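# Close look at the chain arrangement
So the chains spell out like this:
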Amino acid sequence: RDIMQNHLLQVFLWLAMEAPASLSRESVAQEKCRLLRAVRALEMRDCFLGQFGRNEWTANGKTHVEPGYLEDSTVPEGSRCPTFAAVVLAVDNDRWRGVPFMLRAGKGLDERLAEVRVTFRPRPHNGLVGGQPNELVMRIQPDEAIYLKCLSKMPGWQKDRAAPVVMDMTYSNSFPGGYVADAYERMI
């Protein structure tokens, strides 16, 4: 219920705010507020809302059924309450002007996933090697990780051979045996 306005908004603020003068609560809050004031007010054209419905699929000869939102006995009949939202934030400051920030969250999706993806813009020199744009991914849950997806020239003399590469820093691999608290444990 609160993933968009609380969790994703906080991740957006930490990602896009300018560096605070210090890590004091006041300095961090000041930079977060400065960023929020620079975010353009959302209009419906900046939003996509949806509601999940019944889903059926067959795997290994067995049919699986997931009920839709309106089939839940605790949901009022005919409810139009969205269970999925995607919004595009536009920041009107020198650093982020023209850079869309898309926040998406939903209930009843195929997987439980919380992550931030920064997709880098194609540059003229990217045309030398075809492929997808580079991405920096910060996975919050499950399996916390930070990784960079990019296209790299393959070793050898052929200059037109490239392959996708993932530079991965998964917490469980980088800190074996380390304890990573879940989101609500950190708040307490």
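Higher on the page you've got the structure.
Notes on the structure in this doc start here. None of the values given here were measured: they were computed from a predicted structure.

Moving on, we get to the nonpolar core. Counting 18 residues, the largest nonpolar core has M4, F12, L35, L89, V91, F101 and L103 as the members making the most contacts within it. Considering every element that reaches this core, the biggest residue donor is helix α1 (residues 3–16), with 5 residues. Setting aside anything within four residues of it in sequence, one finds F12 in contact with L35, V39, L89, V91 and F101.

Consider a sheet: its strands pair through backbone hydrogen bonds, and that pairing is either parallel or antiparallel. The 3 strands lie next to each other as β1-β4-β5, forming an open sheet whose pairing is antiparallel. Of all strands in the sheet, those bounded by a partner on one side alone are β1 (47–50) and β5 (100–106). Direction aside, neighbouring strands of the sheet carry axes that sit 10° apart on average. Here β1 pairs with strand β4 (residues 84–90) via 4 bridges, running antiparallel. Each residue of the ladder has a partner; that of L49, found in β4, is A85.

Moving on, we come to the packing of aromatic side chains. Where two aromatic rings form a pair, the distance of their centres and the angle of their planes describe that pair. In this structure the tally under the stated criterion is 4 aromatic pairs. Relative to F84, the ring of F48 lies with its centre 6.1 Å away and its plane at 70°, an arrangement referred to as edge-to-face. Placement of F48 in strand β1 and of F84 in strand β4 is noted, with a sequence separation of 36 residues between them. The partly exposed category is assigned to F84, whose relative accessible area is 22%.

Criteria and cut-off values
Residues numbered from 1 in each chain as written. Predicted model: local features only at pLDDT ≥ 70, side-chain atom pairs only at ≥ 80, totals over all residues. Heavy atoms only, no water. Core = buried A, V, L, I, M, F, W, Y, C linked by side-chain atoms within 4.5 Å. Buried < 20%, exposed > 50% of the residue type's maximum accessible area, 1.4 Å probe, protein only. Helix = DSSP H or I, 4+ residues; strand = E, 2+ residues; numbered from the N terminus. Contact = heavy atoms within 4.5 Å. Pairing = 2+ DSSP bridges. Axes fitted to C-alpha atoms, helices over the stretch in contact; angles between N-to-C directions. Phe/Tyr/Trp six-rings, centres within 6.5 Å; stacked < 30°, edge-to-face > 60°.

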